[in-house]
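Summary of the model geometry
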Amino acid sequence: MKVGDLVTYWYQRPRWRTGESVHVGLVIETGKFSGNRDVKVLWTDQTEPETEASQHLSLVDKSLTT
């Protein structure tokens, strides 16, 4: 993952495909953060970024949008 990528939680991919609501966020920073987290994500419903572990995230890509 890199800065500028749109992401969702990996376990929400099936919900996305069926048109249900999911969390979507923008990666704004990468690095090493506490708790084995390695990205900062600004989620659509938040005003401040959250640190996340990239292994729990999935890119919003063509496979989800087509």
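Below you will find a few notes about this structure. Numbering of residues begins from 1 in every chain and follows the order in which that chain's sequence is written. In keeping with the predicted nature of the model, local features appear solely for residues at pLDDT of at least 70, side-chain atom pairs appear and are counted solely at 80 or more, and the whole-chain, interface and lining totals rest on all residues. As a rule here, side-chain values come from all non-hydrogen atoms in the structure, and water together with hydrogens is ignored.

1. Quick word on the sheet that holds strand β1 (residues 6-9)
By way of backbone hydrogen bonds, the strands of a sheet pair with one another, either parallel or antiparallel. Note the following rule: Strand pairing follows a simple DSSP-based rule, namely that at least 2 bridges must link the two strands. A run of DSSP states H or I qualifies as a helix once it reaches four residues; a run of E qualifies as a strand once it reaches two. Both are numbered from the N-terminal end. Lines fitted to the C-alpha atoms define the axes, with helices restricted to the stretch that makes contact. Angles between their N-to-C directions range from 0 to 180 degrees.
Pairing within the open sheet is antiparallel, and its five strands lie in the order β4-β3-β2-β1-β5. Of all the strands in the sheet, the pair left with one neighbour each is β4 (50-52) and β5 (57-59). The average undirected angle you get between the axes of adjacent strands in this sheet is 45°. The pairing of β1 with β5 spans three bridges and is antiparallel. Pairing of Thr8 across the sheet is with Ser58, part of β5.

2. Description of the pattern of salt bridges
This is how the line gets drawn: The working definition used for a salt bridge is a side-chain nitrogen of Lys or Arg within 4 Å of a carboxyl oxygen of Asp or Glu.
As enumerated under the stated definition, the model contains three salt bridges in all. The shortest N-O distance in the salt bridge between Arg15 and Glu20 comes to 3.8 Å. The closest approach of N and O atoms between Glu29 and Lys40, which form a salt bridge, is 3.9 Å. Remark: Lys40 occurs in strand β3 (residues 37-43) and Glu29 occurs in strand β2 (residues 25-33); sequence separation between them is eleven residues.

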